[in-house]
Amino acid sequence: MRALTLAWTQDGGQVLGLAPSAAAAAVLAGETGIRTDTLAKLTWSLDHGELQEWAAAVGPATLVIIDEAGMADTLTLDIAVQFAVSRGASVRLVGDDQQLAAIGAGGVLRDIQQSHGALRLTELHRFTDPAEAAASLTLREGNPQALDFYLDHGRVHVGDIATTTEDAFSAWVSDRAAGLDAIMIAPTRQLVAQLNRRAREHRLDHCAATPEVPLADGNQASVGDVIITRRNDRRLRLTATDWVKNGDRWMITHIGKHGDLTVRHTRSHLTVRLPIDYVRESTGLGYATTIHAAQGVSADTMHGLLTGQESRQQLYTMLTRGRHVNHLYLQVVGDGDPHTVIRPEAISPRTPTETLQQIIARDEAPVSASTVLRELNDPAARLFQAVQRYSDGLHVAAEQLVGPKAVAELDRADQYIPGLTTEPAWPTLRAHLLALAAETGKHPLRHLLTAASGRDLETAGHVAAVLGWRLTALAPTDPGPLPWRPGIPPRVHADPVWGPYLARRSQFVADVADQVQDHVCQGDGPPSWATARDLPTALVREIAVWRAANGINPQDPRPTGGGGELDTAAALWKQRLDRQIAPSTDSSGNDIFGRPPALRRSHYHSRRPYQTPGQRPNGPAAPGR
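Scoring rules and cut-offs
Residues numbered from 1 in each chain as written. Predicted model: local features only at pLDDT ≥ 70, side-chain atom pairs only at ≥ 80, totals over all residues. Heavy atoms only, no water. Salt bridge = Lys/Arg side-chain N within 4 Å of Asp/Glu carboxyl O. Buried < 20%, exposed > 50% of the residue type's maximum accessible area, 1.4 Å probe, protein only. Helix = DSSP H or I, 4+ residues; strand = E, 2+ residues; numbered from the N terminus. Contact = heavy atoms within 4.5 Å. Phe/Tyr/Trp six-rings, centres within 6.5 Å; stacked < 30°, edge-to-face > 60°. Patch = residues over 30% accessible without salt bridge, like charges linked within 9 Å, V, L, I, M, F, W, Y side chains within 5 Å. Areas by Shrake-Rupley, 256 points an atom, 1.4 Å probe, with all protein chains shown as cover. Expected span 1.5 Å × (residues − 1).

Caption draft 1: Layout of the pattern of salt bridges. Counted according to the given criterion, the structure contains 21 salt bridges. The closest approach of N and O atoms between Asp 248 and Lys 245, which form a salt bridge, is 3.5 Å. On the basis of relative accessible area, Asp 248 is assigned to the buried category, the value being 7%. A salt bridge links Asp 578 to Lys 574, with the nearest nitrogen and oxygen atoms 3.1 Å apart. With Asp 578 and Lys 574 both in helix H24 (residues 568-581) and 4 residues apart, the pair spans about one turn of that helix. Residue Lys 574 is classed as buried on the basis of its relative accessible area, which comes to 12%.

Caption draft 2: Molecular detail of the side chain of Thr 165. Locating Thr 165 in the fold gives a position in helix H9 (residues 161-177). Among all residues touching Thr 165, those that are not within four sequence positions of it are Leu 191, Gln 194, Leu 195 and Leu 305.

Caption draft 3: Local environment of the packing of aromatic side chains. Taken as a whole and assessed by the stated rule, the structure comprises 6 aromatic pairs. Aromatic pair Trp 484 and Trp 546: ring centres 4.8 Å apart, planes at 65°, arrangement edge-to-face. Of this pair, Trp 484 sits in the loop between helix H20 (463-470) and helix H21 (490-494) while Trp 546 sits in helix H23 (residues 537-549), placing them 62 residues apart in sequence. Assessed through its relative accessible area of 1%, Trp 546 is described here as buried. Here the aromatic cluster, defined as three or more aromatic residues joined through ring pairs, consists of Phe 169, Trp 172 and Tyr 287.

Caption draft 4: Representation of a nonpolar patch on the surface in the model. Taken together, Leu 46, Leu 51 and Ile 79 make up a surface patch of nonpolar side chains, about 200 Å² in accessible area. Relative to the elements of secondary structure, Leu 51 occurs in the loop between helix H3 (39-48) and helix H4 (53-56). We classify Leu 51 as partly exposed; its relative accessible area is 30%.

Caption draft 5: Quick peek at helix H16 (residues 379-402). Taking 1.5 Å as the rise per residue, H16 with 24 residues should run 34 Å; its terminal C-alpha atoms sit 34 Å apart, in good agreement. Looking at H16, one finds that the buried residues are Pro 379, Leu 383, Ala 386, Val 387, Tyr 390, Ser 391, Gly 393, Leu 394, Ala 397, Ala 398 and Val 402. Where H16 is buried, its residues touch helix H17 (404-410), helix H18 (426-440), helix H19 (444-452), H21, helix H22 (498-520) and H23. After H16 finishes, the residue Gly 403 shows a positive phi value of roughly 100°.

Spelled out as structure tokens, the structure:
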């Protein structure tokens, strides 16, 4: 932005910088040398009719740069843009829509990109390692391949919460001993307080007792401690244009007799005196901080704790704080709490890579009403919701038809197969058994015990999953609206309420699936997951429906996504797609079975790719039911 500023001013114009936070405004001023302030100051001045001199100077020759625009709420942005445009000024929004946003309504950057396009800067200067810079951009886009860099370079450390906390703290101590500006980041205030206390206790080891002052976070501080300020105060001046800001980190150099502090900024090394009231209300130890509070922080190295429940935006923010190195400490096992020891994630924990992939897939970027409307009109998003509603409808209908007594007896299946209902695959098996009971009229336990009597289960690692696979032979063969989704059982079809409802749901799924097929072929080129493969158009359409119906992240480069917890029919269909995706043609164009292309069978050779209720022998439209 310095080049833009120089070009504009050399042409006779003036440049004004605005940002959502005072810290971001200070960074912008330091990088460009222009006059900067906060969006809040501008809107406050406009509301109170007390326009500042810098704002009153805005005119046709002014360029207004709004930095970190992704962190600003839409209403504040609108006020600032309208003010500048009404005076003839030009406005440029600079920001990242994948950072943590403001509390207010946001998502405007995504709308601008979609409606008008935007320029993207792909060269990062924060990192000393270009490979880490590239990895952060890949992470920003939600691409799981970003994990390769962090895993290959030993940046991911795993264990229970106590182990990861200890490892993060030890690494932070080593970095500080090496003279690096290191920071610890944690997802909760409790973990942050724990890390801050440990950091201070470590610093005070073998040190003589010194006067202490209480901070707003409940901790004590003394000379030599690092603290962080939590409130902007323009009265506490460092220079004529700089003041104490939210997110600034300081070293305490002196404690006054009344509890006031003299502190030195960790980056600029400028000093200021903090009065006792400010210290008690707006300061805390600065060795560790939460992810949200760290958004404006830069350090040499970062050591961050993760529990696995974070979003992609939180992970991205965390991994872009350190200039030299960023380390993750991931909780992958339970905390020993007896109340959580029987939860599925404790019984069958995911691998660290799977947990990180889930975090990347958890997109919590703010979206505007315009974006929501646009996404609701996207066939892929509509298909995922339609499939969920159809499947849930089948399960609820089956449960009602089977009856509460049989359902209650099924839920006590542990008395026949100990531990069955606590396994991760039990919900899928339960739904399958209820569907069979609704179709056959037999008690669901009869189907369960028939499957269990087939072969010995003592060697099975996941009994519920094994029984689900054994039930395949008992399952109905009539197709549903999608190849791997079941049809409507006859007893459900005959129900005067559930039959018509599920018929309409099934028809809607089939219609939207057709729209997904058409939509994937209307772009300028194949989808990103298909660009590196020479896939037939029919297969691309088929995979597109699979991805949409299962809600696979569009950035996931794997055509059929990860394994997940699929039921038997879905797992078999995924295997079928994976076999077709694998290299399967020889030099003559025949497939691995020696069949020429004309003889290959595809689910899409029919006029309508997906079955509708009227086409199924057991569908509501079939006569004689």
